[in-house]
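The primary structure of each chain is shown beneath.
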Amino acid sequence: MNTSVDIIEKDNIFLNHVADGKHPNMAIFLSGVGSNAEKLLADKSVINAADPVVLITDAPEKSKAGAIGKKYNIPVEEFSIREFYRSHGLKSISLASAEGRRVRELWTDELRKRIKKYNIDFAVLAGFEPLSNITDDFPCLNVHPGDLSVVNSDGVRLYVGLHNRPVEAAILAGETTLRASVIIAQSFSNADKDMDNGLLLGVSQSMPIEFEGLTLDELKKIHANRPERKPSGGWNDALEALALRSQNSLKVCGDHVILPLVVRDFARKCFACQSGKLYYRQDFSAEFKEVISNEYASDGKRII
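Residues numbered from 1 in each chain as written. Predicted model: local features only at pLDDT ≥ 70, side-chain atom pairs only at ≥ 80, totals over all residues. Heavy atoms only, no water.

## What about the overall build of the protein?
Helix and strand counts for the protein come out as nine helices and 14 strands. Against the compact-globule benchmark of 19 Å for 304 residues, the protein has a radius of gyration of 20 Å, which places it among compact chains. When its C-alpha atoms are laid out on the principal axes, the protein stretches across 55 × 50 × 35 Å. The proportion of buried residues among the 304 residues of the protein is 48%. If you take every contact in the protein between residues at least 6 apart in sequence, the share linking residues at least 24 apart comes to 65%. (Helix = DSSP H or I, 4+ residues; strand = E, 2+ residues; numbered from the N terminus. Rg over C-alpha atoms; globule rule 2.2 N^0.38 Å. Buried < 20%, exposed > 50% of the residue type's maximum accessible area, 1.4 Å probe, protein only. Contact = heavy atoms within 4.5 Å.)

Pasting the structure below:
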């Protein structure tokens, strides 16, 4: 049951520095085709709440940021992370080594200089692949293909990680449905430890997994028989294929639904965090309430 709160300190209301009646400046970061970015830009409720001022991509060689920017008349900043790493003598953009982490910080510092002129109030990581401590500069909302409200007995989130790992983890845990989540991404020092542990703002409604005749025992056996290291071309087994199919389906009925809704509410100053607890209000004039259930319905309403 939600509890009301009489006073939320102004500093604890996200985007409270933005003047009343003014839209916050929103940046969208993307690495690939930008389907999440397009869903945001085509959503009238988002555009009525936030001003998209720039699209930022780390992968101009594959990203559709340029085409999307042209379509919606939004400036685009292209800054290749791979070229930057190569210019510093590294073939991989991995964070596994101390040098890789050092170069990531150098790349982030240069990115900061390039985007300072846009006066960004918050950002959306819409399929943005590289971890970056640009999250220290302004709130960065990140959509994730897993239900981050699911934790173990120690409160550790279970369905974390990159690419299709959260989906595989859910399948192997015996889940029959999937959800997408939106968090405020936090800065990191240890990629494995810090990933996906930011403040959870919302989860989508559940999507059934289509197992197509595969049983949990069969899937667990496939997982157990995998080699220690993942081959460069992927696992190429039934578990990976199921996870990829499921993730693609979740993007449509999970990511594409919940991300615009959470971004809309974030831009409207509907969220606050006080004493480690999340609070939400339906609109600017409503009372904040502590959030216990943070599910969004497909019609745009938050389930309180």
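The discussion continues.
## Observations concerning the sheet that holds strand β11 (residues 277-280)
Strand order in the open sheet made by the three strands is β10-β11-β12, with antiparallel pairing throughout. Looking at strand neighbours, the two that pair on one side only are β10 (271-274) and β12 (289-290), the edges of this open sheet. Taken together, the two bridges between β11 and β12 define a ladder with antiparallel strand orientation. Across the sheet, residue Y280 finds its bridge partner in β12, namely K289. (Pairing = 2+ DSSP bridges.)

## Some thoughts on helix α5 (residues 98-115)
For α5, which comprises 18 residues, the first-to-last C-alpha distance of 26 Å matches the rise-based estimate of 26 Å (1.5 Å per residue) to within 8%. Buried within α5 are the following residues: G100, V103, R104, W107, T108, L111 and I115. For α5, the angular spread of the buried residues around the axis is 145°, confining them to a single face. Looking at α5, the residues exposed on the side facing more than 90 degrees away from the buried face are A98 and K113. Considering only its buried residues, α5 is in contact with β1 (25-30), β2 (51-57), β3 (76-78) and α4 (81-87). (Expected span 1.5 Å × (residues − 1). Arc of directions from axis to C-beta.)

## Comments concerning the side chain of N164
As for its placement among the helices and strands, N164 is situated in the loop between β5 (140-144) and α6 (165-172). Its relative accessible area of 7% is what places N164 among the buried residues. With sequence-adjacent residues up to four places away left out, N164 is seen in contact with K230, E240, A243, L244 and Q247.

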